[in-house]
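These are the residues of each chain, in order.
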Amino acid sequence: MTEQLDKQNLIRNRLAAGRSSPLRTYRELTVGDKGLGYFIYYELLCMFVAPMPGGLGLALRKLLYPRLFAS
């Protein structure tokens, strides 16, 4: 529970600091400094592949997730 509160405070503090745009802050918190292309890849996977049920979803995740979690 404490870990979750610390994470929420981290996000709030980073957004409140206002050093960069909210989109850039979100990108840095989710994928780090990997670049815009990697961020778009991550977002597309989260939007379309992650919630996909069944065998097709399993096959696509098996095919596409290794690149996402390689590092």
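Scroll up to find the structure.
Rules and cut-offs
- Residues numbered from 1 in each chain as written.
- Predicted model: local features only at pLDDT ≥ 70, side-chain atom pairs only at ≥ 80, totals over all residues.
- Heavy atoms only, no water.
- Phe/Tyr/Trp six-rings, centres within 6.5 Å; stacked < 30°, edge-to-face > 60°.
- Helix = DSSP H or I, 4+ residues; strand = E, 2+ residues; numbered from the N terminus.
- Buried < 20%, exposed > 50% of the residue type's maximum accessible area, 1.4 Å probe, protein only.
- Lys NZ or Arg CZ within 6 Å of the ring centre and 35° of its normal.

Draft legend 1. Just the packing of aromatic side chains, in detail. What the rule picks out here adds up to two aromatic pairs. Here the aromatic rings of Y26 and F39 are separated by 5.8 Å at their centres, their planes lie at 80 degrees, and the arrangement is edge-to-face. Taken together, the residues Y26 in helix α2 (residues 22-30) and F39 in helix α3 (residues 36-49) connect sequence positions 13 residues apart. Given the relative accessible area of 7%, F39 is considered buried. For the ring pair Y65 and F69, a centre distance of 5.5 Å and an interplane angle of 80 degrees mean the geometry is edge-to-face. Looking at Y65, the relative accessible area reads 21%, which means it is partly exposed. Residue class for F69 comes out exposed when judged on its relative accessible area of 59%. Across the ring face of Y38, the terminal group of K34 is positioned such that the distance to the ring centre comes to 5.2 Å. Above the face of the Y41 ring, R67 is positioned so that its terminal group lies 4.7 Å from the ring centre.

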